[in-house]
Amino acid sequence: MTMPHHALEITLTRPLTAAELHHAARTMPLAANHDATRLMTVVRAKSPGKALTRLRRRIGTRLPIDVIATHYPDRSGKILLNVAFPPAVHTALRAAADRAAQTPQLFVELAVHRAMAQHASDEADRLDRALQQLLAHTTPAHLIAAVGHALTRTPGAAPC
């Protein structure tokens, strides 16, 4: 049986220098984004969770890693995160999770879900206010035509 490969994305706390990236890439193949603040790699492991752990152990001390995430959703449709919290934060999370009668993992997962839902709600409200402001100064037909024009314009092209 062959072991599957898992695509992982590494978010860094700061951009890497060319020397740091070269040194890290000698350990494993890495692809960097334009400013070397995010890296991609592929790790062989039985599961996405094990791939995250394996990558953290392999290069966690060599790079200023903020978060490691699976690039593709798992069978449940979730993106898995690997975050190394400082000891004080880990202790506070464990205490808060105990008070909520949850595991630290579930406590963080639910907090992330709440934060993402709040962000989505805030963004929808912001867009609604902006749309209402636009509609106060134009007709719906003109607004739809302008949106269509903006969406079909080639990015970076000069305005018509």
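This is a predicted model, so every value here is computed, not measured. (Residues numbered from 1 in each chain as written. Predicted model: local features only at pLDDT ≥ 70, side-chain atom pairs only at ≥ 80, totals over all residues. Heavy atoms only, no water.)

Focus: a positive patch on the surface
Inference 1: Together, R26, R44, K46, K50, R54, R57, R58 and R62 give the surface a local cluster of positive charge.
Inference 2: When residues in the positive patch are grouped by element, the largest group, four residues, is from helix α2 (residues 48-59). (Patch = residues over 30% accessible without salt bridge, like charges linked within 9 Å, V, L, I, M, F, W, Y side chains within 5 Å. Areas by Shrake-Rupley, 256 points an atom, 1.4 Å probe, with all protein chains shown as cover. Salt bridge = Lys/Arg side-chain N within 4 Å of Asp/Glu carboxyl O. Lys, Arg positive; Asp, Glu negative; His and termini not counted. Charge placed at Lys NZ, Arg CZ, Asp CG, Glu CD. Helix = DSSP H or I, 4+ residues; strand = E, 2+ residues; numbered from the N terminus.)

Looking at the pattern of salt bridges
Inference 1: Scanning the model with the defined rule gives four salt bridges in all.
Inference 2: Notably, a salt bridge pairs E9 with R38, separated by 2.6 Å at the nearest N-O pair. With E9 in strand β1 (residues 5-12) and R38 in strand β3 (residues 38-44), this pair connects stretches of sequence that are 29 residues apart.
Inference 3: According to the relative accessible area criterion, E9 is buried, its value standing at 16%. (Buried < 20%, exposed > 50% of the residue type's maximum accessible area, 1.4 Å probe, protein only.)

Observations concerning the nonpolar core
Inference 1: Among the nonpolar cores identified, the biggest contains 18 residues, and I10, L55 and L63 are the most heavily contacted of them.
Inference 2: For L55, the contacting residues outside a window of four places in its chain are L8, I10, M28, T41, V43, G60 and I68. (Core = buried A, V, L, I, M, F, W, Y, C linked by side-chain atoms within 4.5 Å. Contact = heavy atoms within 4.5 Å.)

Section: the pairing of strand β4 (residues 65-70)
As a general feature of sheets, a regular strand has side chains that alternate between the two faces.
Inference 1: Extensive coverage of β4 is indicated by the burial of five of its six residues.
Inference 2: Examined bridge by bridge, β1 and β4 share five bridges and lie antiparallel to one another. Across the sheet, T11 pairs through a bridge with V67, a residue of β4. (Pairing = 2+ DSSP bridges.)

Observations concerning the sheet that holds β4
Inference 1: If you walk across this open sheet you meet the five strands as β2-β3-β1-β4-β5, and the pairing is antiparallel. Looking along the sheet, the strands with just one partner apiece sit at the ends: β2 (31-32) and β5 (81-82).
Inference 2: Two elements, β2 and β3, share two bridges in a ladder whose sense is antiparallel. Bridged to A32 within β3 is L39.
Inference 3: Against the sheet, α2 engages β1, β3, β4 and β5, with an angle of about 150 degrees to β4. (Axes fitted to C-alpha atoms, helices over the stretch in contact; angles between N-to-C directions.)

Describing the packing of helix α3 (residues 87-99) against helix α4 (residues 104-135)
Inference 1: Following both chains from N to C, one finds α3 and α4 inclined at 90 degrees, their axes separated by 8 Å at the closest point. As judged from the angle between their axes, α3 and α4 are roughly perpendicular. Packed against α3, whose contacting residues are L93, R94, A96 and A97, the element α4 presents P104, F107 and V108 at the interface.
Inference 2: When grouped by side-chain class, the residues that make up the contact of α3 with α4 number six nonpolar, no polar and one charged. (Parallel < 35°, antiparallel > 145°, perpendicular 65-115°, else oblique. Nonpolar A, V, L, I, M, F, W, Y, C, P; charged D, E, K, R; others polar.)

Remarks on the side chain of T70
Inference 1: In this fold, T70 is placed in strand β4.
Inference 2: Within the structure, T70 has its side chain in polar contact with the backbone nitrogen of L80 (distance 2.8 Å).
Inference 3: Contact partners of T70, with chain neighbours within four places excluded, come to A7, L8, P48, L52, K78, I79 and L80. (Polar contact = N/O pair within 3.5 Å; in protein donor to acceptor, adjacent residues only side chain to side chain.)

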